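# Report on the structure
Residues per chain, in single letters:
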Amino acid sequence: MIEVREASKSQAAEIARLIMTAMTDDCCLYFCGEGYGLEDFCRMMTMLVEHENSQYSYRNTMVALDANRVVGISVSYDGGRLHELRRAFIETAKEHIGKDHSGMDDETQAGELYLDSLAVLPEYRRQGIARKLLLATKERANRMGLPCVGLLVDKDNPVGEALYTSVGFQYVNDNQWGGHPMKHLIL
């Protein structure tokens, strides 16, 4: 039986790898400076998940568990806190992956719980786990008093977009993130 609950700091490495799955290898490498690779990015992401005040913090993460194994994640945060939470990413990226991201575009704004990352391990897909995580994220938005959940989906990800629209997400506008054209959807 899959259980969805708040993440703990001890799950940071598993969460970081699933965040990278959500981002895709191409996107992760886009964020790396010259001479840095996926393992460097993974180490940095693990640090950011362990960090208390990071957009990728375990405090912003819901996990789907099969026994004690993290099989899925939903990372979301108040879009109004983007700049405050992103500071950790900018500082850590400069130090650990050799790239300055201080000029990065905003992918969210105040008034939405921004769903930054949603991922399920390949062997657990097509079992309703992503749907459970999405519904738990909407409940989290309600508890926080935020009117909607927003996300970006890669325009080349029709399967992901179909999942989101199946639970009620609707298209708002086009966006760009991580070097990819994206669609902004809200629920």
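Below or above, wherever it landed, is the structure these notes cover. (Residues numbered from 1 in each chain as written. Predicted model: local features only at pLDDT ≥ 70, side-chain atom pairs only at ≥ 80, totals over all residues. Heavy atoms only, no water.)

### Structural notes on the nonpolar core
- Membership of the largest hydrophobic core comes to 62 residues, with the highest contact counts inside it found for I19, M23, F41, M45, Y56, I73 and W177.
- For this core, the element with the most residues is helix α1 (residues 12-23), which contributes seven residues. (Core = buried A, V, L, I, M, F, W, Y, C linked by side-chain atoms within 4.5 Å. Buried < 20%, exposed > 50% of the residue type's maximum accessible area, 1.4 Å probe, protein only. Helix = DSSP H or I, 4+ residues; strand = E, 2+ residues; numbered from the N terminus.)

### Focus: the environment of F41
- If you trace the backbone, F41 turns up in helix α3 (residues 38-50).
- Separated by 19 residues in the primary sequence, F41 and N60 place their C-alpha atoms 19 Å from one another.
- Once you skip the residues sitting within four places of it in the chain, F41 turns out to touch M20, M23, C28, F31, C32 and I97. (Contact = heavy atoms within 4.5 Å.)

### Considerations on the side chain of D154
- Inspection of the secondary structure puts D154 in strand β5 (residues 149-154).
- Of the side chains bearing the opposite charge, K155 lies closest to the buried D154, which forms no salt bridge; the N-O distance is 8.9 Å.
- Among the polar contacts listed, one links the side chain of D154 to the backbone nitrogen of D156, at a separation of 2.8 Å.
- Apart from residues no more than four positions distant in its own chain, D154 is found in contact with H180, P181 and M182. (Lys, Arg positive; Asp, Glu negative; His and termini not counted. Salt bridge = Lys/Arg side-chain N within 4 Å of Asp/Glu carboxyl O. Polar contact = N/O pair within 3.5 Å; in protein donor to acceptor, adjacent residues only side chain to side chain.)

### A closer look at the pairing of strand β3 (residues 69-78)
- Counting buried residues in β3 gives eight out of 10 residues, a clear majority hidden from the surface.
- Where strand β2 (residues 61-66) meets β3, six bridges bridge the pair, whose relative direction is antiparallel. Each residue of the ladder has a partner; that of M62, found in β3, is S74.
- Count of turn residues in the β2/β3 antiparallel hairpin: two residues, of which A67 carries a positive phi of about 60°.
- When β3 meets strand β4 (residues 113-120), the two strands line up antiparallel, connected through seven bridges. Paired with D78 across the bridge in β4 is L113. (Pairing = 2+ DSSP bridges.)

### Observations regarding unusual backbone geometry
- The residue T24 is not glycine, and still its phi comes out positive at about 80°.
- Its relative accessible area of 36% is what places T24 among the partly exposed residues.
- For A67, which is not glycine, the phi dihedral falls at a positive 60°.
- Its place among the elements puts A67 in the loop between β2 and β3.
- Relative accessible area serves as the criterion here: at 62%, A67 is assigned to the exposed category.

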